[in-house]
Amino acid sequence: MSKYIIIILSIFTISCSEKKSNTEDLVSQKIDTLKYSYSGFNNGFDLLLFSNQKFEFIDYVYGCTGGGQNKKVFGEYKIDSTKLTLIPQNIKLLITPFNSFEFEGNTKKVETKYGPDSLKIKTKYDLINWGNYKYLLSEEFSLIGEEHINDFHRFSENYNSGYEPKNSGRYLKMVAKEIDTVTKELNLRSIPLKWRDLFLSEPIISQVNRLTVTTSKRDNELKIWEVGINRGIQDNVRKGMEFTDESGDFSVKIDSVGEKNSFGLASIYDFEDNISIKKGSELRTKWK
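Residues numbered from 1 in each chain as written. Predicted model: local features only at pLDDT ≥ 70, side-chain atom pairs only at ≥ 80, totals over all residues. Heavy atoms only, no water.

Caption draft 1: Up close: the pattern of salt bridges. The tally for this structure, following the rule as stated, stands at eight salt bridges. Residue arginine 154 is joined to aspartate 151 by a salt bridge in which the shortest nitrogen-to-oxygen separation is 3.2 Å. Taken as a pair, arginine 154 and aspartate 151 lie in helix α2 (residues 151-161) at a separation of three residues, close to a single helical turn. Residue arginine 154 is classed as buried on the basis of its relative accessible area, which comes to 13%. Taking the shortest distance from any N to any O, the salt bridge between glutamate 282 and arginine 284 comes out at 2.9 Å. The class of glutamate 282 is partly exposed, set by a relative accessible area of 30%. For arginine 284, a relative accessible area of 22% puts it in the partly exposed group. (Salt bridge = Lys/Arg side-chain N within 4 Å of Asp/Glu carboxyl O. Helix = DSSP H or I, 4+ residues; strand = E, 2+ residues; numbered from the N terminus. Buried < 20%, exposed > 50% of the residue type's maximum accessible area, 1.4 Å probe, protein only.)

Caption draft 2: Representation of the environment of tyrosine 114 within the structure. Tracing the chain through its elements places tyrosine 114 in the loop between β6 (108-113) and β7 (124-130). In sequence terms tyrosine 114 and proline 88 are 26 residues apart; their C-alpha atoms lie 6.2 Å from each other. The contact partners of tyrosine 114, leaving out residues within four places of it in the chain, are Val73, Pro88, Gln89, Asn90, Ile91, Leu119, Lys120, Ile121 and Thr123. Reaching out from tyrosine 114, the side chain makes a polar contact with the backbone nitrogen of isoleucine 121 at a distance of 3.1 Å. (Contact = heavy atoms within 4.5 Å. Polar contact = N/O pair within 3.5 Å; in protein donor to acceptor, adjacent residues only side chain to side chain.)

Caption draft 3: View of the nonpolar core. The biggest cluster of nonpolar side chains holds 21 residues, and the ones touching the most others in it are Leu47, Phe55, Phe57, Leu84 and Leu86. Among the elements of the structure, β1 (33-40), β2 (43-50), β3 (54-62), β4 (68-79), β5 (83-96), β7 and β11 (172-175) are those that each provide at least two residues to this core. Broken down by element, this core gets its largest block of residues, five residues, from β5. For leucine 86, the residues in contact, after removing those within four places along its chain, are Leu47, Leu49, Phe55, Glu76, Tyr77, Ile121, Lys122, Thr123 and Tyr125. Grouped together as the second largest cluster of nonpolar side chains are 17 residues, Ile204, Val208, Trp225 and Ala266 included. (Core = buried A, V, L, I, M, F, W, Y, C linked by side-chain atoms within 4.5 Å.)

Caption draft 4: Main features of the packing of aromatic side chains. Under the defined criterion, the tally for this structure stands at 13 aromatic pairs. A ring pair is formed by phenylalanine 155 and tyrosine 171, whose centres lie 5.6 Å apart and whose planes are at 85°; its orientation type is edge-to-face. Of this pair, phenylalanine 155 sits in helix α2 while tyrosine 171 sits in the loop between α2 and β11, and the two are 16 residues apart along the sequence. For the pair phenylalanine 155 and tyrosine 171, a shared accessibility class is recorded, and that class is buried. Each ring, one from phenylalanine 155 and one from phenylalanine 199, has its centre 5.8 Å from the other, and the planes form 55°; the classification is tilted. Taken together, the residues phenylalanine 155 in helix α2 and phenylalanine 199 in the loop between β11 and β12 (205-215) connect sequence positions 44 residues apart. The pair formed by phenylalanine 155 and phenylalanine 199 is uniform in burial state, with each residue classed as buried. Three or more aromatic residues joined by ring pairs make a cluster, and in this case those are Trp130, Tyr135, Phe155, Tyr159, Tyr171 and Phe199. The lysine or arginine in question, arginine 284, covers the ring of tryptophan 287, its NZ or CZ lying 4.3 Å from the ring centre. If you follow lysine 286 out to its NZ or CZ, it ends over the ring of tyrosine 159, 5.8 Å from the centre. (Phe/Tyr/Trp six-rings, centres within 6.5 Å; stacked < 30°, edge-to-face > 60°. Lys NZ or Arg CZ within 6 Å of the ring centre and 35° of its normal.)

Caption draft 5: Just the pairing of strand β13 (residues 222-229), in detail. Pairing geometry for β12 and β13, over seven bridges, is antiparallel. Counted as the bridge partner of threonine 212 is glutamate 226 from β13. Counted along the chain from β12 to the antiparallel partner β13, the turn is six residues long. Bridge count between β13 and strand β16 (residues 262-269): eight bridges; the pairing is antiparallel. When the bridges of β16 are listed, isoleucine 229 appears paired with serine 262. (Pairing = 2+ DSSP bridges.)

Here it is as structure tokens:
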């Protein structure tokens, strides 16, 4: 009898040993992940960088009444202290109709090899650190309206206005720590030289020197303000910059830039009675 007990205990010991060994193998194979993200209204994208040099890029958009598209790109990546390169290999696409009249109400699933078509993603990024915030910014252009802009244009606009780093725009970002105890100044030398002049070392301060107010043809309660300021190309003003008053309630987006003067538009409803802009009013890119 004791002989059988010894055999059973031996089997149990071996079983526990194998289980422990298997557990250790699973622990050693654990894949750490870095996640960079952007999240907007019903849309966004995530980049997952796994420690085994694989990546997954997820791009999604959803309709307010249902439906949408979810694109996943898989592949490998190369990274160093300043650059990231994605090497896409495969795509999985899931399309759900926004309404019952599209695709006969059926969900479409597509799995294919990656190719340079409408499903392509940005593949080359610069790594930018700002305190506890880490960014992946790409030079690759996209068409917005009538202009070609990239992540550095978007990031510089948010930097110049003070929107970053607490908030973010349509580019990849990661918070290294949950609580940012010290927000350091962005080291502008970390920005590639070809894009560095997009970033203002000091806010641009201007005065209104032209002001015309008209009523919108579509909405008689909406006033269109055509505003001119006394700053231009020589002051580093660029098309797309926004100037605000001290309250932050009045904002002008520049759409025309001259050597010494610039012009832009603002839309204000009649019921917004706290606006008191006139010639000589001060507008800035950022108020400290």
